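Chain and residue survey
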Amino acid sequence: MLAGKRIVLGVTGGIAAYKAVEISRRLVDAGAHVVPVMTAGAEHFIGATTLSALASEPVKTRLWDDPDTPIPHTRLGQGADLILVAPATARVIAAYRIGLSTDLLTNVLLATRAPVMMCPAMHTEMWEHPAVVDNIAALRDRGVHIVDPESGRLAGGDTGAGRLASPEVIVAAVQRLLSPGDMAGLRVVISAGGTREPIDAVRVIANRSSGKQGYALAAEAAERGASVTLVSTVDLVAPPGVAVQRVETAAEMQSAMERLAPVSDVVVMAAAVADFRPVTAVDRKLKKHDGVPQIVLEPTPDILAGLGARKPRRQILVGFAAETDDLEANARRKLDEKHLDMIVANDVGAPQTGFQHDTNAVTIFSPDAPAFVVPLADKRTIAAAVFDRVVSMRVSAHPT
Ligand code: CTP
């Protein structure tokens, strides 16, 4: 929630200016007080009346002609919790980078100590121009929060990178910045999906994992303020603010996890890792006339057990267990053998749970604690239950 937060919403002159109206509406719905500022360019694209109607006060456009606020640029910037510029054109980005104040918005940007978030939107050629790339890098270095544009349809029927991020993504970024949750400052790495082990150039040994539970965990941790990386075998849409490292095989997942885990506060292995892989993958397609192939398998490394053996002292390591029988005994054995702080066990044979469903039902085990049952719920609710326990574990291990 953004209750009590004062946000100056700067709107500059691009076709995406119309989306600022929706951004404003969503921010107001979340409880923020939105002060809209439009540049002269923005006025070519949307009417001030429309934006005023969906913000918390009338649009401000000029430095000089407001009798109620004689020096609006300092007043607006001083009282703000955030200056959000959406869309941000190449012009405003360049002006802000070099400290050039030419209108009310660029003055507000300079006369503030509030955090600044910019949401660029422009044609692909402009977005990729070295001058723009350089300006964005300089602003990022200065601590400006940049919400990267998406790829998609642009004005004039072109397609490419440069489309303003969706209002949903922008508002989620604002929420993350202004309402740090109970996981703020934590670095979290989560594996998701099922690994694929090549047999030949076209065939793999795979499993039924959809990756949905891993992505729900990532969305939940990010919304609670964590900095999250997903190590994923699937191409689901990444939750806002979550970095994705794409992998395919158990070996690739292992090297990504082993690189990220030592610098993470919380590690969650939600992926279904193949336990066996072909000893050799044929680099061409096996043909029928070659006869029935003899595929010789070897075990894959147990990634989680390796992470448990080298776990940094304050890290919380969470595993998953897919079971069809003896759930508690099997889960507690894995908890112990892999040196975990928590294991989330699900009965993959039960209806509506586990692989490919949107819902799950789990039992969470931790050393020396009674089992905690989370009945059938959507995977985001399961994720929330997991991180509730992670947070309380951290608090009891390191009380402030
Ligand atoms: N896991 C792993 N590397 C493997 C196999 C499993 O990191 N090669 C992780 C999974 O991501 C999960 C946990 O270990 O977090 C338990 O996985 P599961 O398949 O339930 O158990 P296994 O240890 O593979 O044992 P079994 O298949 O005999 O039940």
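Parameters and conventions
- Residues numbered from 1 in each chain as written.
- Predicted model: local features only at pLDDT ≥ 70, side-chain atom pairs only at ≥ 80, totals over all residues.
- Heavy atoms only, no water.
- Helix = DSSP H or I, 4+ residues; strand = E, 2+ residues; numbered from the N terminus.
- Buried < 20%, exposed > 50% of the residue type's maximum accessible area, 1.4 Å probe, protein only.
- Polar contact = N/O pair within 3.5 Å; in protein donor to acceptor, adjacent residues only side chain to side chain.
- Contact = heavy atoms within 4.5 Å.
- Core = buried A, V, L, I, M, F, W, Y, C linked by side-chain atoms within 4.5 Å.
- Domains from an automatic or database assignment.
- Near = heavy atom within 4 Å.
- Areas by Shrake-Rupley, 256 points an atom, 1.4 Å probe, with all protein chains shown as cover.
- Salt bridge = Lys/Arg side-chain N within 4 Å of Asp/Glu carboxyl O.

With respect to the element layout, Glu22 can be found in helix 1 (residues 17-29). Residue Glu22 is classed as partly exposed on the basis of its relative accessible area, which comes to 26%. Residues Glu22 and Ser166 lie 144 residues apart in sequence; the distance between their C-alpha atoms is 9.6 Å.

Mapped onto the secondary structure, Ser210 falls in the loop between strand 10 (204-205) and helix 10 (212-223). Given the relative accessible area of 16%, Ser210 is considered buried. Among the polar contacts listed, one links the side chain of Ser210 to the backbone nitrogen of Lys212, at a separation of 3.2 Å. Other than its neighbours up to four places away in sequence, Ser210 contacts Val234, Leu236, Gln356 and Lys379.

Of all hydrophobic cores here, the largest spans 35 residues; its most connected members are Val188, Ile190, Leu217, Val228, Val268 and Phe387. Among the elements that make up this core, the one with the highest residue count is helix 14 (residues 379-397) (seven residues). When neighbours within four sequence positions are excluded, Leu217 is seen to be in contact with Ile190, Val268, Ala270, Phe320, Ala383, Val386 and Phe387. In this structure, Ile46, Ala86, Leu164 and Ala173 belong to the second largest nonpolar core, which totals 33 residues.

Here the focus is the domain arrangement of the protein chain. When its domains are assigned, the protein chain resolves into domain 1 (6-178) and domain 2 (187-397). Distance from the C-alpha centre of domain 1 to the C-alpha centre of domain 2: 39 Å.

Close contacts around the ligand come from 16 residues, with Ala271, Leu304, Phe320, Lys334 and Lys338 the closest. Taking Ile303, its main chain carries an N or O atom lying 3.1 Å from a nitrogen atom of the ligand. Here Lys338 contributes a side-chain N or O atom positioned 2.6 Å from an oxygen atom of the ligand. When the free accessible area of the ligand is taken as 560 Å², the share hidden by the protein chains comes to 77%.

This part takes up the pattern of salt bridges. A side chain of one charge can pair with a side chain of the opposite charge if their charged atoms are brought near each other. Overall, the coordinates contain 29 salt bridges when judged by the stated rule. For Lys212, the salt bridge goes to Asp358, with nearest N and O atoms at 2.9 Å. Residue Lys212 is located in helix 10, and its partner Asp358 is located in the loop between strand 17 (342-347) and strand 18 (359-365); the two are separated by 146 residues in the primary sequence. Judged by its relative accessible area of 30%, Lys212 is partly exposed. Where Lys338 meets Asp302, a salt bridge forms, and the shortest distance between an N and an O atom there is 2.8 Å. On the criterion of sequence distance, the pair formed by Lys338 in the loop between helix 13 (327-337) and strand 17 and Asp302 in the loop between strand 15 (297-299) and helix 12 (303-309) is long-range, its members being 36 residues apart. By sharing partners, the salt bridges in this structure join Asp182, Glu220, Glu223, Arg224, Arg380 and Asp388 into a single network.

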